[in-house]
Amino acid sequence: MLPPFFWVILTIVIISAVVGAIARFLSNLNEMNAAQNRPLGQPQAGGPARPRQGASDMDRFLAEIDRLRRKKTE
């Protein structure tokens, strides 16, 4: 008969394999749905992404700072 800690380790390995398989399945399902919902002409995954809203806010902020600096020097 096998020792009890063997069954604990085997149970942990099986549970982690099942959770990993479910996570991979859900990830693939999510990618397929995203590909179907993407309009034609949009870049694929890994292509150039559009900037996040936070990044564009930061760009506008930096542009405003530059504008104020130029106004101050003139």
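Read on for a plain summary of the structure. Keep in mind it's a predicted model, so treat the numbers as computed, not measured. (Residues numbered from 1 in each chain as written. Predicted model: local features only at pLDDT ≥ 70, side-chain atom pairs only at ≥ 80, totals over all residues. Heavy atoms only, no water.)

Counted by the stated rule, this structure contains one aromatic pair. Between Phe-6 and Trp-7, the ring centres sit 5.6 Å apart and the planes meet at 75°, which makes this aromatic pair edge-to-face. We classify Phe-6 as partly exposed; its relative accessible area is 34%. Judged by its relative accessible area of 44%, Trp-7 is partly exposed. (Phe/Tyr/Trp six-rings, centres within 6.5 Å; stacked < 30°, edge-to-face > 60°. Buried < 20%, exposed > 50% of the residue type's maximum accessible area, 1.4 Å probe, protein only.)

What follows covers the pattern of salt bridges. Here the structure, examined in full by the defined rule, presents two salt bridges. In this structure, Arg-60 and Asp-57 form a salt bridge, with 2.5 Å as the shortest nitrogen-oxygen distance. Here Asp-57 and Arg-60 lie together in helix H2 (residues 53-73), a separation of three residues that amounts to about one turn. For Arg-60, a relative accessible area of 52% translates into the label exposed. Residue Arg-67 is joined to Glu-64 by a salt bridge in which the shortest nitrogen-to-oxygen separation is 2.5 Å. (Salt bridge = Lys/Arg side-chain N within 4 Å of Asp/Glu carboxyl O. Helix = DSSP H or I, 4+ residues; strand = E, 2+ residues; numbered from the N terminus.)

What follows is about the environment of Thr-73. With respect to the helices and strands, the residue Thr-73 is situated in helix H2. For Thr-73, a relative accessible area of 70% corresponds to the exposed category. In this structure the side chain of Thr-73 is engaged in a polar contact, spanning 2.9 Å, whose partner is the backbone oxygen of Arg-70. (Polar contact = N/O pair within 3.5 Å; in protein donor to acceptor, adjacent residues only side chain to side chain.)

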